[in-house]
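An overview of the molecular structure
One letter stands for each residue in the lines below.
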Amino acid sequence: MSEFVATFHTHLSAMLSFQALQNAGCKAKMQPVPRALSSSCGTCVRFSSETDCRDLLDADAEALYVVQDSGYLLLWQNED
């Protein structure tokens with residue numbers, strides 16, 4: 001199981017993604033964005049899952065990171 005952090009352009013997008021992840025059975029929580037990452041709205045969703053679950057993130061998601069011992073590795077960034 002891996003730990004992921006998703007950042008968002010809006011707080012609403014973070015809330016919708018949090019709900020979708022929880023409904024899919026992922027252990028998820030909303031929290032402030034870690035200082036090592038940047039975000040437009042300041043809220044991220046941290047979750048645990050076997051896969052990165054990017055298909056569950058709202059369309060206004062900013063980026064998705066996997067948590068590593070040395071920090072965060074960018075997996076995906078919204079180009080829209």
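Further up the page is the structure itself.
These numbers come from a predicted model, not from an experiment. (Residues numbered from 1 in each chain as written. Predicted model: local features only at pLDDT ≥ 70, side-chain atom pairs only at ≥ 80, totals over all residues. Heavy atoms only, no water.)

Side note on the overall build of the protein chain
Using the following cut-off: To qualify as a helix, a DSSP run of H or I must reach at least 4 residues; to qualify as a strand, a run of E must reach at least 2; elements of each kind are numbered from the N terminus. In this setup the radius of gyration rests on C-alpha atoms only. A globule is expected at 2.2 Å times the number of residues raised to 0.38. Under the scheme applied here, a residue whose accessible area is under 20% of the maximum for its type counts as buried, over 50% as exposed, and between as partly exposed, the area being computed with a 1.4 Å probe on protein chains only. In what follows, a contact means two residues having at least one pair of non-hydrogen atoms within 4.5 Å. In this description, accessible areas are obtained by the Shrake-Rupley approach with a 1.4 Å probe, and a residue is regarded as covered only by the protein chains that are shown. His is not counted, nor are the chain ends; Lys and Arg add positive charge and Asp and Glu add negative charge. All charge positions are set by atom: Lys at NZ, Arg at CZ, Asp at CG, Glu at CD.
A tally of regular secondary structure across the protein chain gives one helix and five strands. Secondary structure elements of the protein chain, listed N to C terminal, follow the sequence β-α-β-β-β-β. For the protein chain, whose C-alpha radius of gyration is 11 Å, the value lies close to the compact-globule estimate of 12 Å for 80 residues. With the principal axes as the frame, the protein chain shows a C-alpha extent of 30 × 30 × 20 Å. Classification of the 80 residues of the protein chain by burial places 42% in the buried group. For the protein chain, contacts bridging at least 24 residues in sequence account for 57% of all contacts bridging at least 6. When the accessible area of the protein chain is evaluated, it comes to approximately 4,700 Å², of which 47% is carbon and sulfur surface. Of the side chains in the protein chain, 5 bear a positive and 10 a negative charge, and the two mean positions are spaced by 12 Å.

Here we look at the sheet that holds strand β5 (residues 71-77)
What counts, and what does not: The criterion for strand pairing is that DSSP finds at least two bridges linking the strands in question. To define axes, lines are fitted to C-alpha atoms, for helices over the stretch in contact only, and angles between the resulting N-to-C directions are given on a 0 to 180 degree scale.
Strand order in the open sheet formed by five strands is β2-β3-β1-β4-β5, and the pairing between neighbours is antiparallel. Across the chains shown, the open sheet's two edge strands, defined by having one partner strand only, are β2 (27-32) and β5. Direction aside, neighbouring strands of the sheet carry axes that sit 25° apart on average. Pairing analysis gives five bridges linking strand β1 (residues 2-8) to strand β4 (residues 61-68), with the strands arranged antiparallel. Looking at the pairing, Phe8 lines up with Ala61 of β4. Relative to β2, helix α1 (residues 11-23) is tilted by about 160°, and along the sheet it contacts β1, β2, β3 (43-49) and β4.

Remarks on the pairing of β4
The buried fraction of β4 is high, at six of eight residues. Looking at chain direction, β4 and β5 are connected through six bridges and run antiparallel. When the bridges of β5 are listed, Val67 appears paired with Tyr72. Count of turn residues in the β4/β5 antiparallel hairpin: two residues.

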